[in-house]
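# Residue-level structural notes
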Amino acid sequence: MNKFYVTTPIYYVNSRPHLGHLYTTIIADTVARYKRQRGLDTFFLTGTDEHGVNIERAAEKAGLPVKQHVDGIVDEFKTAFAPYGFTNDHWVRTTDDYHKKAVYELWKRAEANGHIYKGKYEGWYCGNCNEFYSESEVEKNGEGTLICPTHDRPLELIAEESYFFKLSAFQDRLMELYEKDPNFIRPEARRNEVMSFVRGGLNDLSISRISVNWGIQVPGDPDHTIYVWFDALSNYITAIGFGNDQFGGEEHFRKYWPADLQLVGKDILRFHTVYWPAFLMAAGLPVPKTVFAHGMWLSGGRKMSKTLGNVINLATLRKHFSTDSVRYFCLREMVFGHDGDFTYEAMLDRVNADLASGLGNLASRTLTMVRNYFDGEVPEAGSADGELRARASEVRDGVAHALADFEREFEIYSFSRGLEAAWAAIARVDKFISDAKPWDLAKNPDQREPLKLVLHTAVETLRHLAVLLVPVLPESTQAIQEQLGQTNQISRIAPSQLKWGESAGTKIGEVKPIFPRLDKKQIMDEIKTEEGAQPEKSETIEKTGEVKPAPAAATEVAPGVAFINIEDFAKVELRVGEIKTAERVPKADKLLRFTIDLGEAEPRQILAGIAQYYEPEKLIGRKVIIVANLAPRKLRGFDSQGMVLAASIGEEGRPVLAGFLEDVPNGAKIR
Ligand code: ME8
């Protein structure tokens, strides 16, 4: 039997569960249900990442033993997820004994193969990212302290003995993997990003700490604790039997590994597509088939994250929306792989339009008419004139197309397009019903046959959709199937196994609303009150709980903005520059070194921290905006004589270079 192994990241227990966590788990659950429905022997893993210095500190702050503290948060995750009925086969915890045992095993194999050595590490560490930064990669605050670019918090200087993983030795093998297998990293844009990063060279990775206690000890050297990412990434194999006897041990592991789909947010792309395959290669194990990095739910244009405090509250979501509505919105609204802005308004609109007026209305009007006109028994197809017959056939063909399109899109994880295809079938049958006016046909006993055809076609469309949509809407498709009188577990069969017309003669069940219409105004007011905002003032709620004021009149001063006058602005000399040469800076992952023509006698050398997002060769000839009178400074031994301007997108601060749509001469002033 074919197998399918799907994973989510394991979530840090240094925060409460939020929409981001729910999102990835919804996607994984949908994929797992989809694969099972098609007969694949599926294993779905999720869980929690429970080690690390931050968790230790949080427990200390809470005055609790660390394990007790993490147990509490794991319970919160499980409780928040429970209403969604996720079908994960296991919940891995990195504090579980079998996991620890297996992490040892992975370490020992990599070490035995010569990929781990002991050395000394010195670097600037962010406990929130669990990552080291070099001085050139980060900015200083007003007091001269180095600040984490992601979390805006001071970095700590750590100098200690450490074990290193020879990541640098894997550059070629990783490049070969990315080149040979375009499906290893998806989507394509993320693959390019990672390839460009690895092409720039890899440094060895420090994989142990002596200053951290809460973690797994290095085998044979208990003073060292294993780096939290080495520990965490291992979960994907430890939880299916690698290096331990969990689930039948090695045999189970060999059955499911390599994973078919590892879902991650793009925030942790590099860990999963550079470190993780390198760790596996080092231990002589196969790499996963696909790591898919999805986009981030944003709130007010910024990534939702616990550190920024702008996360969507799962209790609020649960209170106002059914679990199927949340699943549908997540899959339909966010183009998988791209970022999406979350607003309750958009969610209410989507649920009302697609679920209440779309699928829900189709179910209730079809079933009500079967009850009223045919005493609750689904009619045979019935004969009708050529015109009506042709339109009924179009609906039937449309359902076949929808099934095929949905399948094609879901196979490539293009969920929103798959759902669009299903909803096209709903729109088609809705129009068919409205045009055929069965309520008029029902008034005339001579029109009994055409009436049968109309309702038979509507019921069959609904029955097919109620099977097709099982992975996305498990609760409501179950309810629709019950109302259709389908008691034969059709949710377990694949849509392709359905035969058109099979429902004729079935007695339908009790007709009940599936997706009641939501009162947008009332729910928005309630949500605003719950989040401590004043409803009448604003359209947009920032998820910090703050209300964004309604747009101020032009003369009003926006609160919190420190204005400068025109003289202040004139101090900044902005000029047009043309990039003449561009190259990476050895051993600096993030830096590019440019020579830029500002219309002066000599081009200037300027460094910019954009190497993870741009390929240098593609930037040559590009016109950019330069801060031309910034005091020169040294970065990685190079003088930088200015600054290239770029927009900073999302929490990760992805740079997008500022430029011009029209041609402009080098050196032109911007004012
Ligand atoms: O990174 N939008 O855990 P984490 C969409 N423990 N998805 C989001 C999101 C958002 N705004 N915010 C979070 C960790 N996520 C590590 C992982 S794996 C071996 C270790 C989702 O609790 C998304 O899947 O910070 C992201 O990658 C993950 O939660 C990060 O969860």
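About the thresholds
- Residues numbered from 1 in each chain as written.
- Predicted model: local features only at pLDDT ≥ 70, side-chain atom pairs only at ≥ 80, totals over all residues.
- Heavy atoms only, no water.
- Patch = residues over 30% accessible without salt bridge, like charges linked within 9 Å, V, L, I, M, F, W, Y side chains within 5 Å.
- Areas by Shrake-Rupley, 256 points an atom, 1.4 Å probe, with all protein chains shown as cover.
- Salt bridge = Lys/Arg side-chain N within 4 Å of Asp/Glu carboxyl O.
- Buried < 20%, exposed > 50% of the residue type's maximum accessible area, 1.4 Å probe, protein only.
- Pairing = 2+ DSSP bridges.
- Helix = DSSP H or I, 4+ residues; strand = E, 2+ residues; numbered from the N terminus.
- Near = heavy atom within 4 Å.
- Polar contact = N/O pair within 3.5 Å; in protein donor to acceptor, adjacent residues only side chain to side chain.
- Phe/Tyr/Trp six-rings, centres within 6.5 Å; stacked < 30°, edge-to-face > 60°.
- Lys NZ or Arg CZ within 6 Å of the ring centre and 35° of its normal.
- Axes fitted to C-alpha atoms, helices over the stretch in contact; angles between N-to-C directions.
- Parallel < 35°, antiparallel > 145°, perpendicular 65-115°, else oblique.
- Left-handed = near helix turned anticlockwise from the far one by under 90°.
- Contact = heavy atoms within 4.5 Å.
- Core = buried A, V, L, I, M, F, W, Y, C linked by side-chain atoms within 4.5 Å.
- Domains from an automatic or database assignment.
- Nonpolar A, V, L, I, M, F, W, Y, C, P; charged D, E, K, R; others polar.

## Re a nonpolar patch on the surface
On the surface, Ile 564, Ile 566 and Phe 569 cluster together into a nonpolar patch covering about 310 Å² of accessible area. On the basis of relative accessibility, which here comes to 32%, the residue Phe 569 falls in the partly exposed class.

## Quick word on the pairing of strand S13 (residues 221–226)
Where strand S11 (residues 208–209) meets S13, two bridges bridge the pair, whose relative direction is antiparallel. What sits directly across from Ser 208, in S13, is Ile 226.

## Here we look at the sheet that holds strand S14 (residues 261–265)
As summarised here, the arrangement of the six strands in space is S3-S2-S1-S14-S15-S9, forming an open sheet in which the pairing is parallel. A strand with exactly one partner marks an edge of an open sheet, and here the two such strands are strand S3 (90–93) and strand S9 (185–186). Note that S14 and strand S15 (residues 291–294) share four bridges and pair parallel. Counterpart to Leu 263 in the pairing with S15 is Phe 292.

## Examining the site of the ligand
Taken together, 24 residues are adjacent to the ligand, and Ile 10, Thr 24, Asp 49, Asp 267 and Trp 297 come closest. His 294 places a side-chain nitrogen or oxygen 3.5 Å from an oxygen atom of the ligand. Protein burial of the ligand: of its 680 Å² of free accessible surface, 97% is covered by the chains. Elements represented by at least two residues in the shell around the ligand include exactly strand S1 (3–12), helix H1 (19–37), helix H7 (228–233) and helix H8 (235–238).

## Topic: the packing of aromatic side chains
Scanning the model with the defined rule gives 40 aromatic pairs in all. Ring plane angle 85 degrees and centroid distance 5.4 Å describe the contact between Phe 81 and Phe 86, whose orientation is recorded as edge-to-face. No difference in accessibility class separates Phe 81 from Phe 86, as the two residues are buried. Considering the side-chain rings of Phe 342 and Tyr 344, the 5.3 Å spacing of their centres and the 90 degrees angle between planes classify their relative orientation as edge-to-face. One aromatic cluster in this structure is built from Tyr 5, Phe 43, Tyr 236, Phe 242, Phe 247, Phe 253, Tyr 256, Trp 257 and Trp 276. Positioned above the aromatic ring of Tyr 34 is the side chain of Arg 38, whose terminal nitrogen or guanidinium carbon lies 3.7 Å from the ring centre. The ring centre of Phe 197 lies 3.8 Å from the NZ or CZ of Arg 270, which sits over that ring.

## Points about unusual backbone geometry
Looking along the chain, the bond that leaves Arg 186 and enters Pro 187 is cis, with omega of -5 degrees. Checked against the element boundaries, Pro 187 lands in the loop between S9 and helix H6 (188–199). The linkage connecting Trp 257 with the following residue, Pro 258, adopts the cis geometry, with an omega of 5 degrees. Locating Pro 258 in the fold gives a position in the loop between helix H9 (249–256) and S14. You will see that Lys 587, though not glycine, has its phi angle at about 60 degrees, which is positive. Assessed through its relative accessible area of 61%, Lys 587 is described here as exposed. For Arg 636, which is not glycine, the phi dihedral falls at a positive 50 degrees. For Arg 636, the position within the fold is in the loop between strand S23 (633–635) and strand S24 (638–640). Judged by its relative accessible area of 34%, Arg 636 falls in the partly exposed class.

## Quick word on the environment of Val 511
Relative to the elements of secondary structure, Val 511 occurs in the loop between helix H18 (474–483) and helix H19 (520–530). A relative accessible area of 18% places Val 511 in the buried class. Along the chain, Val 511 and Phe 342 lie 169 residues apart, while their C-alpha atoms are 33 Å from each other.

## As for the packing of H6 against helix H10 (residues 269–282)
Here H6 crosses H10 at 55 degrees, and the two axes come no closer than 11 Å. On the basis of their axis angle, the class for H6 and H10 is oblique. The interaxial crossing formed by H6 with H10 has right-handed handedness. Two secondary-structure elements touch here, H6 through Arg 190, Glu 193, Val 194, Phe 197 and Val 198 and H10 through Leu 269, Arg 270, Thr 273 and Val 274.

## Side note on the sheet that holds S11
Two pairing modes exist for strands in a sheet, parallel and antiparallel, and in both the strands are linked by backbone hydrogen bonds. Reading across the sheet, the three strands line up as S11-S13-S12 and stay open at both edges, with antiparallel pairing between neighbours. Edge positions in the sheet fall to S11 and strand S12 (217–218), since each has one partner strand and no second.

## As for the side chain of Lys 35
Its location among the elements puts Lys 35 in helix H1. A relative accessible area of 7% places Lys 35 in the buried class. Other than its neighbours up to four places away in sequence, Lys 35 contacts Phe 4, Leu 40, Thr 42 and Glu 411.

## Quick look at the nonpolar core
Grouped together as the largest cluster of nonpolar side chains are 99 residues, with contacts concentrated most on Leu 19, Leu 22, Leu 317, Phe 342 and Trp 423. Taken domain by domain, this core gets at least three of its residues from each of domain 1 (3–103 + 231–303) and domain 3 (352–497). Among all residues touching Leu 317, those that are not within four sequence positions of it are Leu 19, Leu 22, Tyr 84, Ile 312, Val 326, Phe 342, Tyr 344 and Met 347. Counting residues in hydrophobic clusters, the runner-up holds 65 residues, among them Tyr 12, Ala 259, Leu 269 and Ala 282.

## Some thoughts on the domain arrangement of the protein
Parsing the protein into structural domains produces domain 1 (3–103 + 231–303), domain 2 (112–223), domain 3 (352–497) and domain 4 (566–670). One C-alpha centre belongs to domain 2, the other to domain 3; they are set 53 Å apart.

## Considerations on the packing of helix H2 (residues 53–62) against helix H3 (residues 66–81)
In the contact formed by H2 and H3, the axes pass within 9 Å of each other and the chain directions differ by 95 degrees. When the axis of H2 is compared with that of H3, the two are roughly perpendicular. The segment H2 lies against H3, with Ile 55, Glu 56, Ala 58, Ala 59 and Ala 62 engaging Val 66, His 69 and Val 70. A breakdown of the residues in the contact of H2 with H3 according to their chemical character gives six nonpolar, one polar and one charged.

## So, the pairing of strand S19 (residues 574–585)
Pairing of S19 with strand S22 (residues 623–627), which is carried by five bridges, proceeds in the antiparallel orientation. From the neighbouring strand, Gly 577 faces S22, where its bridge partner is Val 624. When S19 meets strand S28 (residues 669–670), the two strands line up antiparallel, connected through two bridges. Residue pairing for S28: Leu 574 is matched across the bridge by Ile 670. Here S19 runs beside strand S20 (residues 588–597); their pairing, made up of seven bridges, is antiparallel. The residue of S20 that forms the bridge with Glu 578 is Asp 597. In this structure, the hairpin formed by S19 and S20 is closed by a connection of two residues, where Lys 587 is found at a positive phi of approximately 60 degrees.

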